[in-house]
Amino acid sequence: MNNRKVKVHQGDGSFKQTVWKDLKVGDVVKVEKDQFFPADLVLLSSSYEDAVCYVETMNLDGETNLKLKQSLEATASLNDLRNFRAIVKCEDPNANLYSFVGTMDFQEQQYSLSPQQLLLRDSKLRNTDHIYGAVIFTGHDTKVIQNSTNPPSKRSKIEKKMDRIIYFLFGLLFLMAFIGSVYFGIKTKDDLEGRHKRWYLKPQNADVFFDPNRAPIAAVYHFLTALLLYSYLIPISLYVSIEIVKVLQSVFINRDVHMYYEEADRPAHARTSNLNEELGQVHTILSDKTGTLTCNSMEFIKCSVAGTAYGYGFTEVEKAMAKRNGSPLIVKGKGGEQPFDSPKRSSVKGFNFFDERMTNGNWTHEKHSDIIQKFFRLLAVCHTAIPDVDENTGKVTYEAESPDESAFVIAARELGFEFFKRTQTTVSINELDPVSGKRVERTYKLLNVLEFNSTRKRMSVIVRDEEGKLLLLCKGADSVMFERLAKNGRYFEEETIEHVNEYADAGLRTLILAYRELSENEYRAFDEKFTEAKNSISADRETLIDDVTEEVEKDLILLGATAVEDKLQQGVPECIDKLAQAGIKLWVLTGDKMETAINIGYACSLLRQGMKQITIILESPEIKSLEKDGEKNAIAKASKQSVLRQITEGKAQVANSNNSEAFALIIDGKSLTYALADDIKDLFLELAISCASVICCRSSPKQKALVTRLVKEGTKKTTLAIGDGANDVGMLQEADIGIGISGVEGMQAVMSSDIAIAQFRFLERLLLVHGHWCYRRISTMICYFFYKNITFGFTVFLYEAYASFSGQPAYNDWFLSLYNVFFTSLPVIALGVFDQDVSARFCLKFPLLYQEGVQNMLFSWRRIIGWMLNGVISAVIIFFLCTTALSPQAFNKDGKIAEYQILGATMYTCVVWVVNCQMALAISYFTLIQHVVIWGGIALWYLFLLAYGAMPPSLSTTAYKVFVESLAPNPMFYLVTLFVVVSALVPYFVYDAIQMRFFPMYHGMIQWIRYEGRGEDPEFCRMVRQRSIKTTTVGFTARSLARTNPLEDR
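Residues numbered from 1 in each chain as written. Predicted model: local features only at pLDDT ≥ 70, side-chain atom pairs only at ≥ 80, totals over all residues. Heavy atoms only, no water.

(A) Highlighting the overall build of the protein chain. Helix and strand counts for the protein chain stand at 35 helices and 34 strands. Taking the contacts inside the protein chain whose residues are at least 6 apart along the sequence as the reference set, 72% of them involve residues at least 24 apart. As presented, the protein chain carries roughly 46,800 Å² of accessible surface, and 54% of it is formed by carbon and sulfur atoms. (Helix = DSSP H or I, 4+ residues; strand = E, 2+ residues; numbered from the N terminus. Contact = heavy atoms within 4.5 Å. Areas by Shrake-Rupley, 256 points an atom, 1.4 Å probe, with all protein chains shown as cover.)

Structure below.
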């Protein structure tokens, strides 16, 4: 990347191609269309007359909307760079992509610089022929590099537990080596006494390894030998096998056509393979609302102007509420109240407004047509959207920074106020003249833009109209707008508040619109202070700007309110229902108002009738009076006490219900601040865990991350966070698993996530199918790996004990080395990739199955130790049956006995057969691949024994022709193998048969259902599913169950 080239000004008007890595601060560069910016630049001028340019920031924040950047007016006409001299003073390098503080001294004047003039490295120039820019940050000082921190390291709980098992096996290895060495030392010392018990070792002529006079040293040497000999207990290849399996599992997730979103051409994408099995153990999901549960595709649906409500449409929430109440939808119109007949849906994206009083210019006949005109004029002018006029059709489309803003300018256009042109200093609209009834073009001089941020919660522009009037146009949240109204600007306040509350109840997002006229003196004074604040490069620059804007954004005159709908994504209620049946808890963390969040909760069945709501808010008269006095310490103390009291009362309420009622906890952001305090958070978590659903409203990005951390650390269970915006990044990184939704808000959440999906509904299949399969496969795979290594390792240990701990290995060196590589490696990988206890259809049909992962039933210590004991039992059976069967009688017709190389080869053959046949018993779903690798592994052992035995004795050593001359011709070899294999598998087979028949696990129950042919019996399936639907469970299935059995909610 740093070897890309860009044109750099040489000082004489010419440009030279220079690689990025050679750029220096102060260089002036020329960047052409569709090129990336090589460093952080200050925009000097562009190919447009008003020095604007369009920038794509997808590489920075994932957002696809083009951003409009504008140079300073002083440098806008700069084309001849030969005499250009300027000094830029700016902030130190930092990671904040959305702020920039600096000044430019040019032609003996100082100009303030803002993010509007900043072009960031790795963003791309679009729809602009070229720009000139001055380099201010290069290399590691650029904002994109400052942001490129390492993501948090995440490991699954199974991997961490596996590490502890490895430590246990290391301890077992040292213990076995120690016991053997102590025994060996004692026995070696005994050889000093008169008659040598181990005469074959020739202790009188022995070296240090068997010298009775140096028995302690011999024991130490034996300890080191035993460590090497028993090292096969430690499954080193397990880590490699797991990584291979996880990568292949991720490929299956990525290629699952059922998680492919055709409309946006986006498949699921596992960005890491570390957490596959964690997907099958999720206890709590923490979800954003906007863009995650909803579409984040805003539609202008209603508005309130001059105290009159307009718009007949009904939202999904209103339909769900009417269905919940069992009442029809009623439209209040000119003809009185009448049942709602769904109108034909608008073909215009972002506009779903129906009201004959407003459309087709009919607003001009309304009583307050002058206010309606100002209302839509404000929507057409107060924004930062960029118009794009199609030269062929003349149709105007918009690039806006948010879906809300796009919906507003589209609504204004559809109702007669078309915004069609923006320059650096003007905004032009075509509007309907109520007097002539014709469209007229009006241009407003744009003087200042007071930008929106999460603290201000409002945006304003100051413009001068064609009549010379100075107007401040403002739109913002109701929580900050009503308090800024003038006494003579509140004529319709009560009606507007009532409408805003109705809109919130309907799940709509609302904004308040207001304006005021400014005098020349007032504006001049404001502009001087505003310019001075913008030119400041101190740390409190933003505070200075906010203080200045506070002075002008007051005494506003109310015009009305807008209401846009963010529809539920397709399949969200069904997905939540399935997740609830699986026993997964869902928390919603949103920045929306409480009423909106509650009604979205009802629409997606997160809340239901009969569910008691515990609401924690700070609305007591005492706190309100303290807020008026403005004493911060007193407010904080009273608020904390109030939150603590409400949490305590909520816990008592839940405790008194004896688990017979379902509860929902709803808390706002202000209360959440105190609920997350160190001395309260544990109480808050206890209350939240005891509730069926939790909704946190008005929560900030930091609060989302803190809540996620609290749930993760407090419950010690697996948490999953899912979101789609930059404000969800902290939450995604804090959770055990972060799921990013590639939605309208860009790709920043996706880039910070572990797995990316296009729609919330795909979470159902990701968890209940892939999560369950991956958890089961990895758990069984690890348990089996320990089983096969213990089976093999203990036969080595037992043989060494049989040989008086003399350090004699039971098997040839190559037999030892290739056990985990060739003869038993592929079946375990096939198990981890292909095995299925039940099909995907049954995973979704019986969500209860998911509880196996949540309760960690397949990787509990009991199950792990059970597999290990199975390995010990198999090793004992193999060793003692082989040694008993082959000794001391003659092994072949020549009367020769089975020497240790024959015994070793026979035992090894039995081990290969037993562990591979054990794999066949453990598998639930056979494919051709499994047959090939299991039976192929056994066949490969015989082929290897033939090939290796045919090599010269110097290479094959104890395996020289052992199969051809000793094993293959002898029927005893085959009888022993058959008898030993069957005997070694009997204990597992008996245990598994008893458990399956009398104590089946969840997957066993479903396998029985399928075996008995009752999988299609709806009544029986409903009965089985209801085992997971308790009165505290959410979802529409539980809601219908509560309606059928109303006593259960009492």
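(B) Fine view of the confidence of the model for the protein chain. Taken as a whole, the protein chain shows an average pLDDT of 85; of its residues, 87% reach a score of 70 or greater. Taken element by element, the protein chain is modelled with least confidence in strand S18 (residues 336-339), mean pLDDT 49, and with most confidence in strand S12 (residues 130-137), mean pLDDT 95. (pLDDT = per-residue confidence, 0-100.)

(C) View of the sheet that holds strand S10 (residues 118-119). Spatially, the six strands line up as an open sheet ordered S2-S1-S3-S12-S4-S10, and their pairing is antiparallel. With one partner strand each, in any of the chains shown, strand S2 (15-19) and S10 form the two edges of the open sheet. Bridge count for strand S4 (residues 40-46) against S12 is six bridges, and the pairing is antiparallel. Across the sheet, Asp 40 pairs through a bridge with Phe 137, a residue of S12. (Pairing = 2+ DSSP bridges.)

(D) How the structure looks around the nonpolar core. Ranked by size, the top nonpolar core spans 95 residues in total, and within it Tyr 230, Ile 782, Phe 786, Tyr 811, Phe 815, Tyr 908 and Trp 941 carry the most contacts. Ignoring any residue separated from it by four or fewer positions in sequence, one finds Tyr 908 in contact with Phe 792, Tyr 811, Phe 815, Leu 818, Tyr 819, Phe 823 and Trp 941. Ranked by size, the runner-up nonpolar core spans 66 residues in total, among them Ala 664, Ile 722, Leu 766 and Tyr 1002. (Core = buried A, V, L, I, M, F, W, Y, C linked by side-chain atoms within 4.5 Å. Buried < 20%, exposed > 50% of the residue type's maximum accessible area, 1.4 Å probe, protein only.)

(E) Representation of helix H5 (residues 236-254). For H5, which comprises 19 residues, the first-to-last C-alpha distance of 29 Å matches the rise-based estimate of 27 Å (1.5 Å per residue) to within 8%. Turning to H5, its buried residues are Leu 238, Ser 241, Ile 242, Val 245, Lys 246, Gln 249, Ser 250 and Ile 253. Of the surrounding elements, those touching the buried residues of H5 are helix H3 (157-190), strand S13 (269-270), helix H22 (762-802) and helix H24 (825-834). (Expected span 1.5 Å × (residues − 1).)

(F) Structural view of the sheet that holds strand S28 (residues 585-589). Within the open sheet, the nine strands sit side by side as S13-S34-S33-S32-S14-S28-S31-S30-S29. Their pairing is mixed. One side of each edge strand has no neighbouring strand; the edge strands of this open sheet are S13 and strand S29 (612-616). Here five bridges tie S29 to strand S30 (residues 663-667), and the two strands are oriented parallel to one another. Each residue of the ladder has a partner; that of Lys 612, found in S30, is Phe 663.

(G) Highlighting the pairing of strand S20 (residues 396-399). Covered by surrounding structure in S20 are Val 396 and Tyr 398 only, the residues Thr 397 and Glu 399 on the alternate face being uncovered. Sheet topology places strand S19 (residues 386-389) next to S20; four bridges connect them, and they run antiparallel. By the bridge assignment, Ile 386 is partnered in S20 with Glu 399.

(H) Quick peek at the environment of Arg 1010. Inspection of the secondary structure assignment puts Arg 1010 in helix H33 (residues 1002-1011). The exposure class of Arg 1010 is exposed, given its relative accessible area of 57%. In the structure, Arg 1010 is positioned 172 residues away from Val 838 in sequence and 9.1 Å away in space, judged by C-alpha atoms.

(I) Quick peek at the pattern of salt bridges. One pass over the full model with this rule turns up 40 salt bridges. Measuring nitrogen to oxygen at the nearest pair gives 3.0 Å for the salt bridge that ties Glu 493 to Arg 490. We classify Arg 490 as partly exposed; its relative accessible area is 29%. Here Glu 522 ties to Arg 516 by a salt bridge, and the two come within 2.7 Å at their closest N and O atoms. According to the relative accessible area criterion, Glu 522 is partly exposed, its value standing at 29%. Residue Arg 516 is classed as buried on the basis of its relative accessible area, which comes to 7%. (Salt bridge = Lys/Arg side-chain N within 4 Å of Asp/Glu carboxyl O.)

(J) Highlighting the side chain of Thr 294. Along the chain, Thr 294 falls in strand S15 (residues 294-305). Given the relative accessible area of 0%, Thr 294 is considered buried. Leaving out residues up to four positions away in the same chain, Thr 294 has contacts with Lys 289, Asp 566, Lys 567, Leu 568, Gln 569 and Ile 600.

(K) Just the packing of aromatic side chains, in detail. Per the stated rule, a full pass over the model turns up 46 aromatic pairs. Between the aromatic rings of Tyr 491 and Phe 492, the centroid separation amounts to 6.5 Å while the plane-to-plane angle is 65°, which identifies the pairing as edge-to-face. For Tyr 491, a relative accessible area of 60% puts it in the exposed group. With a centroid separation of 5.2 Å and an interplanar angle of 20°, the aromatic rings of Phe 526 and Phe 530 are classed as stacked. (Phe/Tyr/Trp six-rings, centres within 6.5 Å; stacked < 30°, edge-to-face > 60°.)

(L) Spotlight on the packing of H3 against H5. For the pair H3 and H5, the least separation of the axes is 13 Å and the interaxial angle reads 165°. Of the possible angle classes, the one that applies to H3 and H5 is roughly antiparallel. Our pair here, H3 against H5, has a crossing hand that is right-handed. Contact with H3, carried on its side by Glu 159, Met 162, Asp 163 and Ile 166, involves Leu 238, Tyr 239, Ile 242, Glu 243 and Lys 246 of H5 and no other residues of that element. A per-class count over the contact of H3 with H5 returns five nonpolar, no polar and four charged. (Axes fitted to C-alpha atoms, helices over the stretch in contact; angles between N-to-C directions. Parallel < 35°, antiparallel > 145°, perpendicular 65-115°, else oblique. Left-handed = near helix turned anticlockwise from the far one by under 90°. Nonpolar A, V, L, I, M, F, W, Y, C, P; charged D, E, K, R; others polar.)

(M) Inspection of the environment of Asn 360 at higher detail. Looking at the element boundaries, Asn 360 is found in the loop between S18 and helix H7 (369-381). Between the C-alpha atom of Asn 360 and that of Gly 416, which follows or precedes it by 56 residues, the distance is 8.1 Å.

(N) Structural detail: the state of the cysteines. For the structure on display, the rule yields zero disulfides. For Cys 474, which is in no disulfide, the shortest distance to another cysteine sulfur is to Cys 382 and amounts to 6.7 Å. (Disulfide = S-S within 2.5 Å.)

(O) Structural view of unusual backbone geometry. A positive phi angle, close to 55°, is found at Ala 306, a residue other than glycine. Its place among the elements puts Ala 306 in the loop between S15 and strand S16 (308-310). Here Asp 555, not a glycine, exhibits a phi torsion of approximately 55°, which is positive. In this fold, Asp 555 is placed in the loop between helix H12 (541-552) and strand S27 (557-568). Judged by relative accessible area, Asp 555 falls into the partly exposed class, the value being 43%.

(P) Spotlight on a nonpolar patch on the surface. There is a patch of nonpolar side chains on the surface, built from Leu 921, Leu 978, Val 982, Val 986, Phe 989, Val 990, Ile 994, Phe 998 and Phe 999 and spanning about 900 Å² of accessible area. Broken down by element, the residue count for the nonpolar patch peaks at seven residues, all from helix H32 (residues 971-998). Relative to the helices and strands, Leu 921 is located in helix H28 (residues 900-922). Judged by relative accessible area, Leu 921 falls into the partly exposed class, the value being 33%. (Patch = residues over 30% accessible without salt bridge, like charges linked within 9 Å, V, L, I, M, F, W, Y side chains within 5 Å.)

(Q) Expanded view of a negative patch on the surface. On the surface, a cluster of negative charge is contributed by Glu 494, Glu 495, Glu 498, Glu 502, Asp 505 and Glu 595. Ranked by the residues each element gives to the negative patch, the list is headed by helix H10 (residues 493-505), at five residues. Checked against the element boundaries, Glu 494 lands in helix H10. (Lys, Arg positive; Asp, Glu negative; His and termini not counted. Charge placed at Lys NZ, Arg CZ, Asp CG, Glu CD.)

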